Amino acid sequence: MATPPSVSDLRRARYARRLPAGLAELAGPQHGIVSLPLHLAWSGLTEFDLDQPRLRMSCYRIVLAEGLHADLVEHLSRDLLIGMWPVLRTLISRDIRDVWEAAFTELRPGARAVA
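**Student:** Just to check I follow, could you spell out the packing of helix H2 (residues 53-66) against helix H4 (residues 78-88) for this structure?
**Tutor:** Any two packed helices are characterised by the angle at which their axes cross and by the distance between the axes. In the contact formed by H2 and H4, the axes pass within 11 Å of each other and the chain directions differ by 90°. By the angle class used here, H2 and H4 are roughly perpendicular. Side by side, H2 and H4 meet where Arg56, Met57, Tyr60, Arg61 and Leu64 of the first sit next to Leu80, Leu81, Met84, Trp85, Val87 and Leu88 of the second. Residues that form the contact of H2 with H4 fall into these classes: nine nonpolar, no polar and two charged.

**Student:** Could you clarify how one ought to interpret the environment of Cys59 in this entry?
**Tutor:** Among the structural elements, Cys59 can be located in helix H2. The class of Cys59 is buried, set by a relative accessible area of 0%. Ignoring sequence-local partners within four residues, the contact set of Cys59 consists of Val34, Leu36, Phe48 and Leu50.

**Student:** Mind showing me how you'd approach the packing of aromatic side chains here?
**Tutor:** The description of an aromatic ring pair rests on the distance of the ring centres and on the angle between the ring planes. Inspection of the entire model under this criterion finds one aromatic pair. Aromatic side chains Trp100 and Phe104 sit 5.4 Å apart centroid to centroid with 45° between the ring planes, which places their arrangement in the tilted category. By relative accessible area, which is 4% here, Phe104 ends up buried. It is Arg14 that lies over the ring of Tyr15; its NZ or CZ is 4.9 Å from the centre.

**Student:** Even after reading the chapter, I still don't get the packing of helix H1 (residues 7-18) against helix H5 (residues 94-103), so can you show me in this structure?
**Tutor:** The N-to-C vectors of H1 and H5 enclose an angle of 50°; their axes lie 9 Å apart at closest approach. Compared by their axis directions, H1 and H5 come out oblique. Crossing handedness for the pair H1 and H5: right-handed. Here Ser8, Arg11, Arg12, Tyr15 and Ala16 of H1 come into contact with H5, specifically with Arg94, Asp95, Ile96, Asp98 and Val99.

Criteria and cut-off values
Residues numbered from 1 in each chain as written. Predicted model: local features only at pLDDT ≥ 70, side-chain atom pairs only at ≥ 80, totals over all residues. Heavy atoms only, no water. Axes fitted to C-alpha atoms, helices over the stretch in contact; angles between N-to-C directions. Helix = DSSP H or I, 4+ residues; strand = E, 2+ residues; numbered from the N terminus. Parallel < 35°, antiparallel > 145°, perpendicular 65-115°, else oblique. Contact = heavy atoms within 4.5 Å. Nonpolar A, V, L, I, M, F, W, Y, C, P; charged D, E, K, R; others polar. Buried < 20%, exposed > 50% of the residue type's maximum accessible area, 1.4 Å probe, protein only. Phe/Tyr/Trp six-rings, centres within 6.5 Å; stacked < 30°, edge-to-face > 60°. Lys NZ or Arg CZ within 6 Å of the ring centre and 35° of its normal. Left-handed = near helix turned anticlockwise from the far one by under 90°.

And the structure:
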């Protein structure tokens, strides 16, 4: 009898299905106010000023955790994500972090030092 997948395995599979093909696909804004739809920001703030580091970090945490593929592509910026990743990776769940770092070498620890 096969062992059922763990909750973590199920979450990782769900996050992996949502990933863009590459970070270059992330075409979100880098400045200004972002209004997240209710299916993403269903509790608390729905508007985030990307020019304010704490609000930018909060926006990215929400989109990474709740967003579908289209949301990731629309609301995340490749350059902002890579720049924020060393801190952001400590604020998101291990499942999200592991899926993104496995898929994109640019996000792996030490990748910035090598680049």
